[in-house]
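Here is how the chains run, residue by residue.
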Amino acid sequence: MTYTHRHLLGIEPLHPAEITTILDLAETYVEQNRSGDKHSDALRGLTQINMFFENSTRTQASFELAGKRLGADVMNMSMQTSSVKKGETLIDTALTLNAMHPDLLVVRHPHSGAVDLLAQKVNCAVLNAGDGRHEHPTQALLDALTIRRKKGRLHRLTIAICGDIAHSRVARSNLILLGKMENRVRLIGPPTLMPTGVAEFGCEVYDDMKKGLEGADVVMMLRLQKERMDGGFIPSEREYYHRYGLDAEKLAFAKDDAIVMHPGPMNRGVEIDGTIADDINRSVIQEQVEMGVAVRMAAMDLLARNLRAARAA
Ligand code: ASP
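Residues numbered from 1 in each chain as written. Predicted model: local features only at pLDDT ≥ 70, side-chain atom pairs only at ≥ 80, totals over all residues. Heavy atoms only, no water.

J.: Residue-level account of the environment of S168, with values.
T.: The residue S168 is located in the loop between β5 (158-162) and α6 (169-180) in this model. Judged by relative accessible area, which is 2%, S168 ranks as buried. Residues S168 and L302 lie 134 residues apart in sequence; the distance between their C-alpha atoms is 27 Å. Residues contacting S168, with those up to four places away along its chain left out, are R133, L222 and Q225. A polar contact of 3.2 Å, which involves the side chain of S168, links it to the backbone nitrogen of V170. Looking at S168, its side chain comes within polar contact range of the main-chain nitrogen of A171, at 2.9 Å. (Helix = DSSP H or I, 4+ residues; strand = E, 2+ residues; numbered from the N terminus. Buried < 20%, exposed > 50% of the residue type's maximum accessible area, 1.4 Å probe, protein only. Contact = heavy atoms within 4.5 Å. Polar contact = N/O pair within 3.5 Å; in protein donor to acceptor, adjacent residues only side chain to side chain.)

Structure representation (structure tokens):
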């Protein structure tokens, strides 16, 4: 097993072998989660604190369940009602929590880089559960596990990431991971929702869905991230759906066995047609949620091993 880092802050610092290590270990947790006894004790005796400064449904629930299934004491801090609202800085909040001796801190924050900053101030392992537009590493890992299981491999695939790329940490972490594993990544979306400098990641950029989806093995749809927009990026949601919403007609340009993914939460009728999202022959959206718990168990297990080894040294 090779995973050398103290934290999981992003996909960027990971070596392909470390990505494979996490995914391989996650496979064992998929089996455990499907079995009669979902518990093991990789995190027994450890304390996990989940700090979500931004709303979350599936990610928070997934980390909580992952920690509980591995035997950790799990605490969810409600950041909506915390001292942050009274003016406490992120660093002071971190130092206060640090004094309670947590072992794993799971953090989501609206600002890019905030989780890295916090990781420098605490003595425990930190997992980034999404920071601004920057990274969402466990999402990319769960997507990778889903793709690997469905396609039988995680290399030399043509993967189209479609929609609001500019505001998406999911797109960023995914294109880094998929690039590291030697896939062909295409970004599809209106030019107004395409970040500058995407060329440096070595992906192809399209503003026409049909051209971009041609021959794709995987179609990954993204939510229109309205909360991160501060102006008019699209003419209207109707127009957007017409040009970029995934429906049967556009999906027909991808390979016949192409899978459809979405990180959730989904806006049906905006970026994806409801019947495609529910089509069990194409959509793997529910599998993504299942893989999320397993991948988070694997990531926390590996970080806990490193933490224990460092403390014993
Ligand atoms: N749940 C994902 C995230 O936190 C995707 C989204 O919100 O659209 O980034």
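J.: For the site of the ligand, give the residues involved together with the corresponding values.
T.: The local shell around the ligand consists of R108, H136, R169, V170, R223, Q225, G264 and P265. The separation between an oxygen atom of the ligand and a polar side-chain atom of R169 is 2.8 Å. In this structure, an oxygen atom belonging to the ligand sits 2.7 Å away from a side-chain N or O atom of R223. The protein chains hide 94% of the 260 Å² of surface that the ligand would expose on its own. Of all the cavities here, the one that holds the ligand is the largest pocket. (Near = heavy atom within 4 Å. Areas by Shrake-Rupley, 256 points an atom, 1.4 Å probe, with all protein chains shown as cover. 1 Å grid on protein atoms, 1.4 Å probe; cavity = no way out; pocket = protein on both sides within 12 Å on 5 of 7 lines; lining within 4 Å. Sits in = over half its atoms within 2 Å of the grid points.)

J.: Tell me about the layout of surface pockets, residues and numbers included.
T.: Taken as a whole, the largest pocket holds about 460 Å³ of empty space. Only α2 (58-69) and α6 provide two or more residues apiece to the lining of the largest pocket. Across the lining of the largest pocket, the residue classes tally to five nonpolar, ten polar and eight charged. Of the pockets and cavities examined, the second largest pocket occupies roughly 170 Å³. Around the second largest pocket, the lining residues are R133, I165, A166, S168, A171, R172, L175, P195, T196, G197, V198 and F201. Partitioning the lining of the second largest pocket into residue classes produces seven nonpolar, three polar and two charged. (Points joined across faces, edges and corners; volume = space filled by probe spheres on them. Nonpolar A, V, L, I, M, F, W, Y, C, P; charged D, E, K, R; others polar.)

J.: Please provide a residue-by-residue account of the sheet that holds strand β2 (residues 73-78), values included.
T.: An order of β2-β1-β3-β4 is seen for the four strands of this open sheet, with the pairing classed as parallel. Looking at the sheet topology across the chains shown, the edges are occupied by β2 and β4 (125-131). Taking each pair of neighbouring strands and ignoring which way they run, the sheet shows an average axis angle of 15°. When strand β1 (residues 47-52) meets strand β3 (residues 104-109), the two strands line up parallel, connected through five bridges. (Pairing = 2+ DSSP bridges. Axes fitted to C-alpha atoms, helices over the stretch in contact; angles between N-to-C directions.)

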